[in-house]
Amino acid sequence: MPDSLPVVAVHWVHDLSPFLIRFSDTFGIRWYGIAYVLGFLCAYLLLKALVRKGCSELREDQVADFITFGALLGVMLGGRLGYMLFYNFDEFIHRPWIFFQFLQGGMASHGGILGLVAFTWFYAWKTKLSWPGLGDNLVTVSPIGIFFGRLANFVNGELYGHETDSSVGVIFPRAVNELPPPQIGEILNRFHAATVEQLVEMARTRPEIQEYLATVLQPRHPSQLYEALVEGLLLFLVLLAVRLKWKNLYHGVLTGLFFILYAIGRIAVETLREPDAEKIAGITRGQFYSIFMILIGAAFIGWAFKAKRRNGDVPGRAAK
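Criteria and thresholds
- Residues numbered from 1 in each chain as written.
- Predicted model: local features only at pLDDT ≥ 70, side-chain atom pairs only at ≥ 80, totals over all residues.
- Heavy atoms only, no water.
- Helix = DSSP H or I, 4+ residues; strand = E, 2+ residues; numbered from the N terminus.
- Buried < 20%, exposed > 50% of the residue type's maximum accessible area, 1.4 Å probe, protein only.
- Contact = heavy atoms within 4.5 Å.
- Areas by Shrake-Rupley, 256 points an atom, 1.4 Å probe, with all protein chains shown as cover.
- Lys, Arg positive; Asp, Glu negative; His and termini not counted.
- Charge placed at Lys NZ, Arg CZ, Asp CG, Glu CD.
- Polar contact = N/O pair within 3.5 Å; in protein donor to acceptor, adjacent residues only side chain to side chain.
- Salt bridge = Lys/Arg side-chain N within 4 Å of Asp/Glu carboxyl O.
- Phe/Tyr/Trp six-rings, centres within 6.5 Å; stacked < 30°, edge-to-face > 60°.

Observations concerning the overall build of the chain
Here comes step 1: A count of helices and strands for the chain gives twelve helices and four strands.
Here comes step 2: The principal-axis extent of the C-alpha atoms belonging to the chain is close to 75 × 35 × 35 Å.
Here comes step 3: When the 320 residues of the chain are sorted by exposure, 48% land in the buried category.
Here comes step 4: Long-range contacts, defined as pairs at least 24 residues apart, comprise 72% of the intrachain contacts of the chain with a sequence gap of at least 6.
Here comes step 5: Accessible surface, the chain as shown: approximately 16,300 Å² in total, 66% of it carbon and sulfur.
Here comes step 6: The distance from the centre of the 29 positive side-chain charges to the centre of the 26 negative ones in the chain is 15 Å.

The structure is reproduced here in structure tokens:
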């Protein structure tokens, strides 16, 4: 214990509240919800700007419906279903109604991405537009939503990284879950908390709990911020630069680039992230699912150079 005392002076103990405005213990305006709203709003404005620049077959009056239904049917339902299937399958099979318990959290970025792919295909089929053409612009603006979502993960103090001696390390109270069960019980009893979540809540406003946790917990990588920068901001800037530089690329190239670059970034950053579920084949589930995203991305790019469809091309007519 004494060897860990200097951590108090060097590393910040995470004490951010998940609520912007709180109406009760469990209900209020959460930063996570705000992240989704900001992501959808930015996607709408950016997609509208891309349409005006002639980067899409989509008409300007279609953008609002496309983003609204994409958000609800693709991101929200896809993200939730993905979490249930990829990370909480056993409980979901036995208690399928937990799908609707949105306030308890649980969204998977891989599920949201696949949900958007499915929705974009359906929308393209209904409107007789190019499916990968729609996807190219959608994936260009989507990383902004990932950026805000990862920032919200950091505010919530969840999905933290491995232990580190680096000065960027943060002490996350929720990491009490990583301690041996007897030690967890001892800490809960010490502060009269029924659960770790209750202890985390108490720690936000009680300095004595923060000081104690700083002596028993090691600082960890703020991997949520790394993911926000790599999977969100950096990916957005790269895709936007490609979109604006070559606005008439073959349909599917940008979609393929998104899948490949997102997967590479996710695999790299997750080497610093504490697994939030059992590993598969010795790697985290996020890394495992990302391998398939690279294959999907390669398939999109291969299709793009085979079909050679560009904005304005008539379906069924060979591109010149």
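Having put the structure on the table, let's press on.
Re the side chain of Gln-287
Here comes step 1: The residue Gln-287 is located in helix H12 (residues 285-307) in this model.
Here comes step 2: Under the relative-accessibility criterion, Gln-287 is labelled buried at 9%.
Here comes step 3: At 2.9 Å, the side chain of Gln-287 and the backbone oxygen of Ile-267 are in polar contact.
Here comes step 4: In contact with Gln-287, not counting residues within four places along its chain, are Ile-267, Glu-270 and Thr-271.

Some thoughts on the pattern of salt bridges
Here comes step 1: What the rule picks out here adds up to 18 salt bridges.
Here comes step 2: In this structure, Asp-61 engages Arg-59 in a salt bridge whose closest nitrogen and oxygen atoms are separated by 3.0 Å.
Here comes step 3: When salt bridges with common partners are traced through the structure, they connect Arg-150, Glu-227, Glu-231, Arg-266, Glu-270, Arg-273 and Asp-276 into a single cluster.

Focus: the packing of aromatic side chains
Here comes step 1: Summed over all chains, the structure comprises 23 aromatic pairs.
Here comes step 2: Measuring from ring centre to ring centre gives 5.8 Å for Phe-258 and Phe-259, while their planes differ by 80°; the resulting arrangement is edge-to-face. Just as Phe-258 is buried, Phe-259 falls in that class too.
Here comes step 3: On the numbers, 5.9 Å between centres and 25° between planes, the contact of Phe-258 with Tyr-262 is stacked.

Description of the side chain of Asn-153
Here comes step 1: Topologically, Asn-153 is positioned in helix H6 (residues 131-156).
Here comes step 2: Exposure remark for Asn-153: the relative accessible area of 5% places this residue in the buried category.
Here comes step 3: When near neighbours in sequence (up to four residues on either side) are disregarded, Asn-153 contacts Tyr-32, Glu-158, Leu-159 and Gln-224.

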